[in-house]
Amino acid sequence: MAEDKKYETLDPENWDDMRILAHQMVDDSIDYLKSAGERPVWQRVPDDVASTFQAGMPEEPSAPSRVYEEFRDHVFPYSLGCPHPRFWGWYMGNGTILGALADFMAATMNSNLGGGHHAAIMVEQQVINWMKSVVGFPEKASGLLVSGGSMANITGLTVARNSMVDWDVRKEGVRANRKKLTIYASTEAHSCNQKGVEQLGLGSDNLRRIPVREDYTMDLEQLQAAIEADRRDGCRAICVIASSGTVNTGAIDDLNGIADICKKHQLWFHIDGAIGAIAMLSEQVKPRLKGIERADSIALDLHKWLHIPFEAACILVKEESFHRGSFSLVPAYLEQDGGGIASGGHWFSEYGLQLSRSFRALKVWMTLKEHGSRRLGRMISRNVEQAHYLGGLIESSNDLELVAPIGLDIVCFRFNPGGMDPQSLNRVNRRILVELQENGIAAPSFTTLKGTYCIRVAIANHRSRYEDFDLLVHETVRIGKSV
Ligand SMILES: *Cc1c(COP(=O)(O)O)cnc(C)c1O
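About the cut-offs
Residues numbered from 1 in each chain as written. Predicted model: local features only at pLDDT ≥ 70, side-chain atom pairs only at ≥ 80, totals over all residues. Heavy atoms only, no water. Helix = DSSP H or I, 4+ residues; strand = E, 2+ residues; numbered from the N terminus. Buried < 20%, exposed > 50% of the residue type's maximum accessible area, 1.4 Å probe, protein only. Contact = heavy atoms within 4.5 Å. Areas by Shrake-Rupley, 256 points an atom, 1.4 Å probe, with all protein chains shown as cover. Lys, Arg positive; Asp, Glu negative; His and termini not counted. Charge placed at Lys NZ, Arg CZ, Asp CG, Glu CD. Patch = residues over 30% accessible without salt bridge, like charges linked within 9 Å, V, L, I, M, F, W, Y side chains within 5 Å. Salt bridge = Lys/Arg side-chain N within 4 Å of Asp/Glu carboxyl O. Polar contact = N/O pair within 3.5 Å; in protein donor to acceptor, adjacent residues only side chain to side chain. Phe/Tyr/Trp six-rings, centres within 6.5 Å; stacked < 30°, edge-to-face > 60°. Expected span 1.5 Å × (residues − 1). Pairing = 2+ DSSP bridges. Axes fitted to C-alpha atoms, helices over the stretch in contact; angles between N-to-C directions.

Q: Would you take a moment to explain the overall build of the protein chain for this structure?
A: Counting secondary structure elements, the protein chain contains 14 helices and 12 strands. For the protein chain, buried positions account for 50% of its 483 residues. Sequence-distant contacts, at least 24 apart, represent 73% of the contacts inside the protein chain between residues at least 6 apart. Of the roughly 23800 Å² of accessible surface on the protein chain, 51% is carried by carbon and sulfur atoms. Distance between charge centroids for the protein chain: 6 Å, based on 52 positive and 61 negative side chains.

Q: Quick question: what am I supposed to make of a nonpolar patch on the surface here?
A: There is a patch of nonpolar side chains on the surface, built from V45, F53, F71 and V75 and spanning about 320 Å² of accessible area. Structurally, F53 can be placed in the loop between α2 (47-52) and α3 (64-74).

Q: What's the story with the side chain of N206 in this structure? I'm lost.
A: Relative to the helices and strands, N206 is located in the loop between α8 (191-199) and β4 (207-210). A polar contact is formed between the side chain of N206 and the backbone oxygen of L202, at a distance of 2.7 Å.

Q: Explanation requested: the pattern of salt bridges in the structure shown.
A: Side chains carrying opposite charge are able to pair once their charged atoms draw close together. Counted by the stated rule, this structure contains 17 salt bridges. The salt bridge involving R324 is made with E350; its shortest N-O contact spans 2.8 Å. Highlighted residues: R324 in helix α11 (residues 320-327) and E350 in the loop between α11 and α12 (361-395), separated in sequence by 26 residues. Residue classification places E350 among the buried positions, given a relative accessible area of 4%. E435 serves as the salt-bridge partner of R431, at 3.6 Å between the closest nitrogen and oxygen. Taken as a pair, R431 and E435 lie in helix α13 (residues 422-438) at a separation of four residues, close to a single helical turn. Classification of R431 as partly exposed rests on a relative accessible area of 43%.

Q: Please explain the packing of aromatic side chains as it appears in this structure.
A: Geometry of an aromatic ring pair is reported as the spacing of the ring centres plus the angle between the planes. Under the definition given, this model contains eight aromatic pairs. Between W88 and F469 the ring centres are 4.7 Å apart and the planes differ by 20°, which places this aromatic pair in the stacked class. Here the residue W88 occupies a position in strand β1 (residues 87-88), and F469 occupies one in helix α14 (residues 466-482), the gap between them amounting to 381 residues. Neither W88 nor F469 differs from the other in exposure class; each is buried.

Q: So what exactly am I meant to see when it comes to the side chain of T476 here?
A: With respect to the helices, strands and loops of the structure, T476 is situated in helix α14. Given a relative accessible area of 0%, T476 falls into the buried group. If we ignore the near neighbours within four places in the chain, the residues touching T476 are L400, F413, F415, I432, L436 and I455.

Q: Would you mind going over helix α6 (residues 149-164) with me for this structure?
A: Since one α-helical turn is 3.6 residues long, residues separated by three or four positions face the same way. The first and last C-alpha atoms of α6 sit 22 Å apart over 16 residues, in line with the 22 Å expected at 1.5 Å per residue. A large share of α6 lies buried, amounting to 12 of its 16 residues. Listed in full, the buried residues belonging to α6 are G149, A152, N153, T155, G156, L157, T158, V159, A160, R161, N162 and M164.

Q: In this structure, what is going on with the sheet that holds strand β11 (residues 443-449)? I would like to understand it.
A: Hydrogen bonding along the main chain pairs the strands of a sheet, whether they run parallel or antiparallel. The sheet built from five strands is open, its strands ordered β1-β11-β12-β10-β9 with mixed pairing. The sheet is open, and its two edges are formed by β1 and β9 (400-402), each paired on a single side. The sheet contact formed by β9 and strand β10 (residues 410-415) spans three bridges and is antiparallel. The residue bridging L400 from the neighbouring strand is F415, located in β10. Here α14 sits on the sheet and contacts β1, β9, β10, β11 and β12 (452-458); the angle it forms with β10, its principal contact strand, is near 25°.

Q: I keep staring at the environment of D233 and nothing clicks. Help me out?
A: With respect to the helices, strands and loops of the structure, D233 is situated in the loop between α9 (220-232) and β5 (236-243). According to the relative accessible area criterion, D233 is exposed, its value standing at 62%. Linking D233 and W130, residues 103 residues apart in sequence, is a C-alpha distance of 43 Å.

By themselves, these figures tell us nothing about what the structure is for.
And the structure:
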């Protein structure tokens, strides 16, 4: 049969036009990242632009170039601001151009990483092996790339729950008439861990929040006491969640101390390493993470301090059989056969909730190859140094003060020229933060520590320069004095 030129598919009507558009998109991307520091960090989406998102779903085709124009005019300029050298809000990475291009290539292949025999699976396995070596896990440990730290933590906590009880929790569920299962984390542990505990049916009441010391690390005497009290009350303690870098201040819990307690009481040792685990790449930070290799499971975020474009994170589990035992479910239509595409041998769908999975491993693989672990480690070390540089500027200013010790790369401070009551100070600092953001100067975020509102600068940024912190201090004082 002669080929019907008009046969409808979703491919471009004109591939040459698409090629021109694709080149334009790459050029625009490069310009965008190259000039990241020349734009305001952030700007509000104008009302007329926002209103365009109210339009209903298109029914008829549009030219790809028209679609792209709309993106370029209405979406591209109004980003959260992550690529900017003065974006220090919450806790996010910058991304890189090769990471972005890798995502494009991954999407081009449109591989599904659930399983099967194809090279993308091997790329993910290799990335997971690299991550094991980063934290000192044995080769036979297992892992999975997931969307973010939240998913990594809940995946690890699922394995902890399923492996630590003496009945088949997958089959029988978490039953109210069994012993109460308790989990321990500091009051500074990230909220995603509570969400995880809730989703696992354990109940947030049974997530014991252990008080922290002055440096915001978990108080291990109180941890010990809480475990013993629960044991006396007939609870079944199953897991301690350590934070290697808390979200508020970057505090690193005493990992060896927690490992000892877990060993003594036979508890699962999980580390929320969303911030700090990848900091093993930094020669300066690594000694502070001693004991990380003793964990049963570790959540690492890769879209934070490794600067992989969102989304990318990794969960590692030391004992492979526990990991697989928590998620493996293989119906006839997913059986792995001796030959053909299904002969993969290693199906990632047996290690997590997702069946269909993206090729997020590619951007991690290409980024690690492009920069190497040492340069990526140097970026981490420099951010820690910059945090202390900023700390020094704050301490030498009469108008500013640190609100918490600098645990890693996070600085919590406020404007306090003296003579103001606590409420006014909170109000003024709130104003300063909003002005910094609304004027596109810098994008720290905020938190409240022991009732004190503070400006929080989380420096996971490979584009920040020392003078960016000079500017932040200068502008903070200027705005503070003007309001
Ligand atoms: C960011 C963060 C999380 C959550 O990770 P996501 O990637 O945002 O899902 C968990 N724990 C800590 C300590 C974090 O900083």
